[in-house]
Amino acid sequence: MTSDDPDLCSFPFAGAHFSVVGQTALWWPQARALLVADLHFEKASWFAVRGQMLPPYDSMATLERLAGLARTLDAAHIYCLGDNFHDDGGVERLPEAARAMLHELADRHGLHWIVGNHDPGLGARVPGPVSEELRIGDLLLRHEAGAFAQGGEVSGHYHPKARIRAAGRIIARPCFVRGQWCDSNGLSCGRLILPAFGALTGGLDVTSDAIAALFPRGYQALVPTRDKLVTFPFSVAESEEKAQLSLWQK
């Protein structure tokens, strides 16, 4: 059994039920929707153009994982929550085989794109609708956590990752971050941040100031393991926890 089993890694959020699948993706069974963030297609080729040569297989590796999850779950929709490409020119650099797989995913499952800070000009160059943000029922899907969202907000951008000390070892894991956010009028909403799904992505310490500032009432790191979802609560004041986590470069 692994975290690809939706029944093992499920949790409630904003009145709905979700499951972590594939370590870094979110399954919404009620909508038959697969949610992923920060794919960063063509990141290796972006570095190559600048003289730093990396293995050019990141886009295909990411797409193969995404296609496998969508096929296993029989997803009706795939929502990509921004920074889908590492830059606006990544669409043109996408290899033909990856481009064909992208179109096949759109035909079979329905791709929905939200733009991020890395790909604001995504436009109509990809198969499927493109949005700045998208509301589905009580949930607002966007790239980066922002202004008050009635119901609940699901986003990416921060690539949250936790390093946990266990049995004398430090184990690094991508994690989801869940908590409440409130505005100046005292209204509150649920806030959920997804880890990066892309094959060539790093992560940000889940107790970093950038993440903690988004959850003034405290938050939880949801860490998928082999057979369950482990929850670590944090308050903004718990700076001592930072000794067990580290900053990973994006």
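Here is what the cut-offs are and how they apply
Residues numbered from 1 in each chain as written. Predicted model: local features only at pLDDT ≥ 70, side-chain atom pairs only at ≥ 80, totals over all residues. Heavy atoms only, no water. Salt bridge = Lys/Arg side-chain N within 4 Å of Asp/Glu carboxyl O. Buried < 20%, exposed > 50% of the residue type's maximum accessible area, 1.4 Å probe, protein only. Helix = DSSP H or I, 4+ residues; strand = E, 2+ residues; numbered from the N terminus. Core = buried A, V, L, I, M, F, W, Y, C linked by side-chain atoms within 4.5 Å. Contact = heavy atoms within 4.5 Å. Phe/Tyr/Trp six-rings, centres within 6.5 Å; stacked < 30°, edge-to-face > 60°. Lys NZ or Arg CZ within 6 Å of the ring centre and 35° of its normal.

Colleague: I'm lost on the pattern of salt bridges in this one. Help?
Modeller: For side chains bearing opposite charge, pairing can occur when the charged atoms are close. Under the criterion given, the structure shown has seven salt bridges. Asp 87 is paired through a salt bridge with Arg 93; the nearest N and O atoms lie 2.6 Å apart. Of the residues examined, Arg 93 reaches a relative accessible area of 25% and is grouped as partly exposed. In this structure, the salt-bridge partner of Arg 108 is Glu 104, at a minimum N-O distance of 3.2 Å. One end of the pair is Arg 108 and the other is Glu 104, both in helix α4 (residues 96-109) and four residues apart, which spans about a single turn. Exposure remark for Glu 104: the relative accessible area of 39% places this residue in the partly exposed category. Overlapping salt bridges, with partners in common, bring together Glu 133, Arg 142, Glu 153 and Arg 191 in one network.

Colleague: Looking at this model, I keep getting lost on the environment of Phe 215. Mind explaining?
Modeller: Position of Phe 215 relative to the elements: it lies in the loop between α5 (209-212) and β16 (219-224). A relative accessible area of 0% places Phe 215 in the buried class.

Colleague: What should I look at first to understand the nonpolar core in this one?
Modeller: Taken as a class, soluble globular proteins show a tendency for nonpolar side chains to be buried jointly. Counting 29 residues, the largest nonpolar core has Leu 34, Ile 78, Phe 85, Leu 102, Leu 105, Leu 111 and Trp 113 as the members making the most contacts within it. Secondary-structure elements contributing two or more residues to this core are β3 (25-28), β4 (33-36), α2 (58-73), β5 (77-81), α4 and β6 (111-114). Residue contributions to this core peak at six residues, all from α2. Setting aside residues no more than four positions away along its own chain, Ile 78 makes contact with Leu 34, Leu 66, Ala 70, Leu 105, His 109, Gly 110, Leu 111 and His 112. In this structure, Ala 33, Leu 81, Leu 192 and Leu 194 belong to the second largest nonpolar core, which totals 23 residues.

Colleague: What is the right way to look at the packing of aromatic side chains in this model?
Modeller: We describe a pair of aromatic rings using the distance from one ring centre to the other and the angle between the two ring planes. A complete count under the given rule lists seven aromatic pairs for this structure. Pairing Phe 18 with Trp 28 gives two aromatic rings, centres 5.5 Å apart and planes at 40°, and the pair type is tilted. Linking Phe 18 in strand β2 (residues 16-21) with Trp 28 in strand β3, this pair joins segments that are 10 residues apart in sequence. In this structure Phe 18 comes out as buried when scored by relative accessible area, which is 0%. Under the relative-accessibility criterion, Trp 28 is labelled buried at 8%. Members of the aromatic cluster, each reached through a chain of ring pairs, are Phe 11, Phe 13, Phe 18 and Trp 28. Seen from the ring of Phe 197, Arg 65 lies directly overhead, with NZ or CZ sitting 4.0 Å from the centre.

Geometric values such as these leave the question of function open.
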